[in-house]
Each structure stands twice: as structure tokens, then as C-alpha cells.
Amino acid sequence: MSEFNLETASFKLNPRYQYQWEEAQQCHVLLYPEGLIKLSGSAAEILQRCQQPTTMAAVVGELNTAFPEAEGLANDVKEFLADAQQQVWIVQVSD
Amino acid sequence: MDKTTSHIPMWLLAELTFACPVQCSYCSNPLELSASRKNELSTEEWIRVMRQARKLGAVQLGFSGGEPLVRTDLEELVVEAKSLGYYINLITSSIGLTAEKITTLKEAGLGHIQISFQGSNRESNQLLGGTDSFDHKVAMTKEVIKQELALGLNFVLHRQNLHQVEEFLTMAQSLGAEFVELANCQYYGWGLHNREHLLPSQEQLIDAERVTNEFREKYKGDMDIFFVAPDYYDDRPKKCSNGWGTTFMTVNPEGEVLPCQAAKVIPGLEFPNVRDNDLKDIWHNSDLFNRFRGTDWMTEPCKSCPEKEIDLGGCRCQALMLTGDATNADPVCSLSPHHDEVLRITAKAQRPYEEEETQKLVFRNPGNSKKIRAEKSELTE
């Protein structure tokens, strides 16, 4: 499930994880069986865009539009998504 | 005085009922089982509790018991919990579960089911749990996996089934379980009553951990195995529920709010009830939640101990049960002046396991509860 080509494949947030804003903690979180991951602002911006099937190019494109000032964005996104893939936070969507 | 704490009760454990079809001798529920369910919180009361806890920042919700599937309003509670934004865990024996119910609960928003096994095969599961439910547990395990709901298998360990770890892990692996918890039972409630016949020997533990490590190595990436050792064998105690009044809130079937599931054993504590108070007030201002919060309540040797922030003095219930005073250091700690008591108990457990011992277990059921109560009142008369 976690083995797919990040550069070419469509993927989305793993439905086993619940992504949401937590008012009490003032951050976005990923919830899973008996646990919680607090997300940084940039991680949340990326995962926010993975709630529907998407691709890395699409995520980078959307973020470039939203944050035109940001530098080295493509690399940061790639790095984060590679990690998210490893953790199975994102899964491949078959066409 | 306003005692507002910065801690957030991230976990709400909703013990929906004490009723349970299984009769586990290691159950942490109180010995005084209420035979009647008439005092249980209603659906509306549970919904109010879930709303109030969510407002305080609770995100993880566990439906447990007893057996939560006994409640006919479970689906309704799951729907409400989901709409409030909880991640919902169901902690069950699987008795009462069907393929259709799994579908309904999943659609209602359930995230995770934890199914407990009492033995690794039909005979032993029946002997140790007091129900003929092994085949059903296996069928439901397969069904949860088939319906792609997150699943955890929980095998509760003690001296009478530690030798079955290999058989259990083999089964878990063949069923395709991704997460397995091997939890040595703790000694509260019925578990304390049966401790002599539940506490394993060191040799049994070493064997079970060796087998566990072999499976971990072999099925790395496919099956995660979590092993919880009985803390009587440690040098240092475990924190109480990640720290008293820091993370957990348990609401029992009759609405009492507890910092941990076992806290009812501590005398002199008053348990606030959701029927009388708002959870926010209970969490921040109640004497109960402030009683052992932080480190101010400590006595020596904890008070001046450089490690006091690490374990917060350990378990208050264990301190009470083994030393007679809940403000003492948890005697599991080798620095406790009462540590000898733990050594005396574990020394007695260094005998080989024998099958006949099973007959000495007192199973959790209303009949035995009544019998124990009668014996206790005879002693005090």
C-alpha cells in the first residue's frame, strides 16, 4: 500500500486517519487508533490538499499559488510527502 | 479558588455498562458489581458528557465497559461522537458483534475496534473467559479486517496463558492482524482478588518476551506487537494514566468521573458525578482531580527524588493497596520503603505454572460478587 511512485501516482490521505483542526491545541492533528499526531502549519497545508485524490505536482501548484513568496517549496513538499508515504498517512488511489 | 489546569483531557473513556457476558478473573472493574443496570447513564446523559469533554479538548474516545455492545444505543452514541469530532475506539470482547453491526458502526463513524481474547484456542478461551466465544472472536476478527476497519487484537496475559503467546501470535498473523497488544493484566478489582493465580513467574515472562521478539523480527512491517509487562517486575513504577489528571478522564456507567479506572479503591475520595457537575468544573476544580495532580501531594522518598517528574510517584491505587496509604511511593519502586512487599509477592510467583491452578480463579460474575461481599462483611463483623 505504501509502495507507489510519488512523482507519478495519484494519492490521498489514508482513510484510516482522521485529519482535523483542534481548537484546544491550536493546531491540525491526525488521529488514529488511540493516538494523535500534532501537525506543523506547513504539514497541515499539504495534508489539507490530500483529502481528495491528488498528485504531487497538483499539491505543489496549489501551494505555489497560495504562498507565492515561499522559496524551495517543491523540495519541502516532496520531502514531507515521502515521509508521509513512509508513515502510510497517504495511500495510492488506483485510476 | 480557581485551580484551572493547562492539561487537556485528550482521552475520554466511556464505560457504558458494567454488564458483561465474559467473566474474566483479571477484570479491573470493582468487585461490588451492581447487578442492576437501572442506574446507568441514559443516551442523553452520555451525549451531554461527550459534548462537555470535547469542549475541554478530548479527541480520543473509548467505548468500553463491561461490554459496550450490551448498550442498544451504541450506534446512536457513535454517530453523535463522530459529529463532535472524536476518533472513536470500541473496546470489546466481540460478543454481540455481527458482520452487519460492524458495517453499521463503521458507517456511523467508528474508527477502530479492539477485540480481546482470553485464550489462544477454543478450550482455553472458554476456560479463562467463561464463555464459548473463540470461534466467534475469530470470525469477527476476519470480518473487521474484511471491512477495512482498523483492528487491534488484545491478548490479556497472566500466569495461566503466558505459555500460549506463540499460538496466539501465530493465529493473529494468519488472520492478518496488523496490531497486536500482549498486555499482562494488572492487579486491580477482580485482578487483585485473583493475583496469586495470575501473577506470572519471571521465567514465564522471559519466555513470552523471547517468542514476541522472534515474531517481531519475522513479521516486521506487517504486524506490530506491543508487549506490556506486569509492573511488579520493574524497578521503577509507571505513571498513573500518563499522570493523574493530565490526560485521561474515565466516566463509569453510573456517571462517576475518575482519573483512572481503578481509583474507586482509594478510600476518602469523593467521586464527582456528571449528573451533578459539568465536566469542565470536575476536571479543573474538583478535589479528586487535584488530589494527586503534579507533585505537591508527595511524601518522601518521592518528594526529594530527582526522578519524581518522570513517574510522578507511580500508581496511587497500588500505593494504597500495598502500603495502606495512597500518598506513599508506589512500592514497585525499589526506593520505596515498602518495596519488600512487592518482592515478597513476586517471590511467591516463582513456581511453575500448573493447569490445576485454573480451578482456583474466581470469575467475575454477579454470583461471585455476592459471595465476596458476604465473606467481607463476615470478616468485619
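Cut-offs and rules
Residues numbered from 1 in each chain as written. Chains lettered and ligands numbered in written order. Predicted model: local features only at pLDDT ≥ 70, side-chain atom pairs only at ≥ 80, totals over all residues. Heavy atoms only, no water. Phe/Tyr/Trp six-rings, centres within 6.5 Å; stacked < 30°, edge-to-face > 60°. Helix = DSSP H or I, 4+ residues; strand = E, 2+ residues; numbered from the N terminus. Buried < 20%, exposed > 50% of the residue type's maximum accessible area, 1.4 Å probe, protein only. Lys NZ or Arg CZ within 6 Å of the ring centre and 35° of its normal. Contact = heavy atoms within 4.5 Å. Buried area = accessible area lost by both parts, 1.4 Å probe. Salt bridge = Lys/Arg side-chain N within 4 Å of Asp/Glu carboxyl O. Polar contact = N/O pair within 3.5 Å; in protein donor to acceptor, adjacent residues only side chain to side chain. Lys, Arg positive; Asp, Glu negative; His and termini not counted. Pairing = 2+ DSSP bridges. Axes fitted to C-alpha atoms, helices over the stretch in contact; angles between N-to-C directions. Arc of directions from axis to C-beta. Parallel < 35°, antiparallel > 145°, perpendicular 65-115°, else oblique. Left-handed = near helix turned anticlockwise from the far one by under 90°. Nonpolar A, V, L, I, M, F, W, Y, C, P; charged D, E, K, R; others polar.

Bringing the packing of aromatic side chains into the picture now. Residue and element names in this part refer to chain B. Overall, the coordinates contain 12 aromatic pairs over all chains when judged by the stated rule. Judged by centre distance (4.0 Å) and plane angle (10°), the rings of Phe 155 and Phe 168 are stacked. Here Phe 168 lies in helix α6 (residues 165-175) and Phe 155 lies in strand β5 (residues 150-157), a separation of 13 residues in the sequence. Each member of the pair, Phe 155 as well as Phe 168, is classed as buried. Taking 5.3 Å as the distance between ring centres and 50° as the angle between the ring planes, the aromatic pair formed by Trp 283 and Phe 289 counts as tilted. Each member of the aromatic cluster is reached from another via a ring pair, and the members are Phe 117, Phe 134, Phe 155 and Phe 168. Residue placement shows Lys 137 over the ring face of Phe 117; its charged tip is 5.8 Å from the ring centre. Sitting over the face of the ring of Phe 292, Arg 316 holds its NZ or CZ atom 6.0 Å from the ring centroid.

Right, let's talk about the interface of chain A and chain B for a bit. On the side of chain B, 19 residues touch chain A, which itself brings 12 residues to the contact. Summed over both sides, the interface of chain A with chain B buries roughly 1300 Å², with 52% coming from carbon and sulfur. The largest share of the area that chain A buries against chain B comes from A:Arg16, A:Gln18 and A:Glu34, three residues that together contribute 48% of it. Across the contact surface, chain A and chain B share two salt bridges. Among the ionic pairs, A:Arg16 bridges to B:Glu178, the shortest N-O distance being 3.7 Å. At the boundary of chain A and chain B, one finds eight residue pairs in polar contact (both at pLDDT 80 or more). Contributing elements (two or more residues each) for the side of chain A that touches chain B: β2 (18-22), β3 (27-32) and β4 (35-38) of chain A.

This part covers the side chain of B:Asp311. Residue and element names in this part refer to chain B. Mapped onto the elements, Asp 311 comes out in helix α11 (residues 308-311). Buried Asp 311, no salt bridge; nearest opposite-charge side chain is Arg 236, N-O distance 5.1 Å. Within the structure, the side chain of Asp 311 is placed 2.9 Å from the backbone nitrogen of Gly 313, a separation counted as a polar contact. If we skip the residues at most four places from it in the chain, Asp 311 touches Arg 236, Pro 237, Lys 238 and Lys 239.

Let us look at the environment of B:Val251. Here B:Val251 is to be found in strand β8 (residues 248-251). Distance in space between the C-alpha atoms of B:Val251 and B:Leu13 is 6.3 Å, their sequence separation being 238 residues.

This part is about the sheet that holds β3(A). All names here are of chain A. Across the sheet, which stays open at both edges, the three strands sit in the order β2-β3-β4 with antiparallel pairing between neighbours. The sheet is open, and its two borders are formed by β2 and β4, each paired with just one other strand. Neighbouring strand axes in the sheet, compared pairwise and without regard to direction, differ in orientation by 30° on average. Direction of pairing for β3 relative to β4: antiparallel, over a ladder of four bridges. The residue of β4 that forms the bridge with Leu 31 is Leu 36.

Another aspect to go through is helix α13 (residues 339-348) of chain B. Residues and elements named next belong to chain B. Burial in α13 covers these residues: His 339, Val 342, Ile 345 and Thr 346. Within α13, the buried residues cover an arc of 120° as seen down the axis, which keeps them to one side. Away from its buried face, by an angle of more than 90 degrees, α13 presents the exposed residues Asp 340 and Lys 348. Tucked inside the fold, the buried residues of α13 contact α12 (316-323).

It is worth spelling out the packing of helix α2 (residues 56-66) of chain A against helix α3 (residues 73-86) of chain A at this point. Residue and element names in this part refer to chain A. α3 packs onto α2 with a crossing angle of 135° between their chain directions and a minimal axis gap of 10 Å. Accordingly, the angle class assigned to the pair α2 and α3 is oblique. As for the relative orientation of α2 and α3, their crossing is right-handed in sense. Facing α2, whose interface residues are Met 56, Val 59, Val 60, Leu 63 and Asn 64, α3 presents Leu 73, Ala 74, Val 77, Lys 78 and Leu 81. Among the residues making up the contact of α2 with α3, the classes are represented as eight nonpolar, one polar and one charged.

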